[in-house]
Amino acid sequence: MKSTDVAENPPVIYDEKKRIYIPQPTRFWILNKDLRSKISRLEEKGWIEKWEEKVTNDEKLFEFFVNLHRKEIEKRKEFIKGKKYPDYVVKKLLSTGIGGIQDFDKKPFKVKCLHLWTAYHLGDEDFKNPIGQFVLDNI
């Protein structure tokens, strides 16, 4: 994989037309269309549900992923520190996990999509994770 396969978004963007701030709970996105298609094929084979079950039933794995969500929230805190954003933006960024996942610290664990975890795996060394590695090993 190349670094150009993934793009990083800031946690907040400003929409000039609507004149509003928009929270962006997903920081990394896969740009490579071929890679996105291959990941989608894994999803079609039921791997989202298989990973949700696996993480839910493995306490160490569950804690690993909960901690990744918390780490992302800490990164967002650093980004918004000292800036004035509307309350709805701050609330969204500090109450949801990676990809906007609600209740990320509760079971059953929600994977949401394989693209998300692969993008984070490729986009930031601090967010290497077993789902992203699985995807790369199986596409």
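For the structure itself, look to the data block above.
The model shown is predicted, which means the values in this text are computed figures rather than measured ones.

A.B. asks: Can you help me understand the pattern of salt bridges in this one?
C.D. replies: Side-chain pairs of opposite charge can arise whenever the charged atoms involved come near each other. Taken as a whole and assessed by the stated rule, the structure comprises 10 salt bridges. In this structure, R76 and E72 form a salt bridge, with 4.0 Å as the shortest nitrogen-oxygen distance. Residue R76 and its partner E72 are both found in helix α3 (residues 59–80); the two are separated by 4 residues, about one turn of the helix. We note that R76, like E72, is buried. With a shortest N-O distance of 3.1 Å, K77 and E74 are connected by a salt bridge.

A.B. asks: Help me understand the nonpolar core in this model?
C.D. replies: Soluble, globular proteins show a tendency: their nonpolar side chains are buried together. Residues W51, F65, V111, L114 and W117 are the most contacted members of the largest nonpolar core, which totals 29 residues. Dropping the residues within four chain positions of it, W51 is found in contact with L61, V111, L114, P130, I131 and F134. Residues V12, I80, V89 and L93 belong to the second largest nonpolar core, which totals 5 residues.

A.B. asks: Would you take a moment to explain the environment of W51 for this structure?
C.D. replies: Take W51: it is sitting in helix α2 (residues 47–57). Separated by 38 residues in sequence, W51 and I13 have C-alpha atoms that sit 31 Å apart.

A.B. asks: I'm lost on helix α1 (residues 33–44) in this one. Help?
C.D. replies: Because each turn of an α-helix spans 3.6 residues, side chains separated by three or four positions in sequence point in the same direction. Relative to the 16 Å expected for 12 residues at 1.5 Å per residue, α1 spans 16 Å between its end C-alpha atoms, a close match to the ideal helical length. Within the sequence span of α1, burial applies to L35, I39, L42 and E43. The arc that holds the buried residues of α1, viewed along the axis, is 100°, so those residues lie on one side. More than 90 degrees from the buried face of α1, the exposed residues found are K33 and E44. Residues of α1 that are buried make contact with β4 (28–30), α2, α5 (114–123) and α6 (130–138). Put simply, N32 is the residue that caps the front of α1, since its side-chain oxygen is 2.9 Å from the backbone nitrogen of D34. Trailing α1 by a residue or two, G46 shows a phi angle of about 90°, which is positive.

A.B. asks: I would appreciate a short explanation of unusual backbone geometry in the present structure.
C.D. replies: Note: most residues except glycine have negative phi, and most peptide bonds are trans. Backbone torsion omega between K107 and P108 reads 0°, so that peptide bond is classified as cis. Of note, P108 is situated in the loop between α4 (87–95) and α5. We note that D103 has phi near 50°; this positive angle belongs to a residue other than glycine. Along the chain, D103 turns up in the loop between α4 and α5.

A.B. asks: Teacher, can you tell me more about the layout of surface pockets here?
C.D. replies: Over the atoms rolls a probe the size of a water molecule, and in doing so it shows where empty space is left. In this structure, the largest pocket encloses a volume near 160 Å³. Together, T26, F28, W29, I30, R36, G99, K112, C113, H115, L116 and A119 line the largest pocket. Secondary structure elements with two or more residues in the lining of the largest pocket: β4 and α5.

Reading the values: the criteria
Residues numbered from 1 in each chain as written. Predicted model: local features only at pLDDT ≥ 70, side-chain atom pairs only at ≥ 80, totals over all residues. Heavy atoms only, no water. Salt bridge = Lys/Arg side-chain N within 4 Å of Asp/Glu carboxyl O. Helix = DSSP H or I, 4+ residues; strand = E, 2+ residues; numbered from the N terminus. Buried < 20%, exposed > 50% of the residue type's maximum accessible area, 1.4 Å probe, protein only. Core = buried A, V, L, I, M, F, W, Y, C linked by side-chain atoms within 4.5 Å. Contact = heavy atoms within 4.5 Å. Expected span 1.5 Å × (residues − 1). Arc of directions from axis to C-beta. Polar contact = N/O pair within 3.5 Å; in protein donor to acceptor, adjacent residues only side chain to side chain. 1 Å grid on protein atoms, 1.4 Å probe; cavity = no way out; pocket = protein on both sides within 12 Å on 5 of 7 lines; lining within 4 Å. Points joined across faces, edges and corners; volume = space filled by probe spheres on them.

Don't take any of this as a statement about function, it's just geometry.
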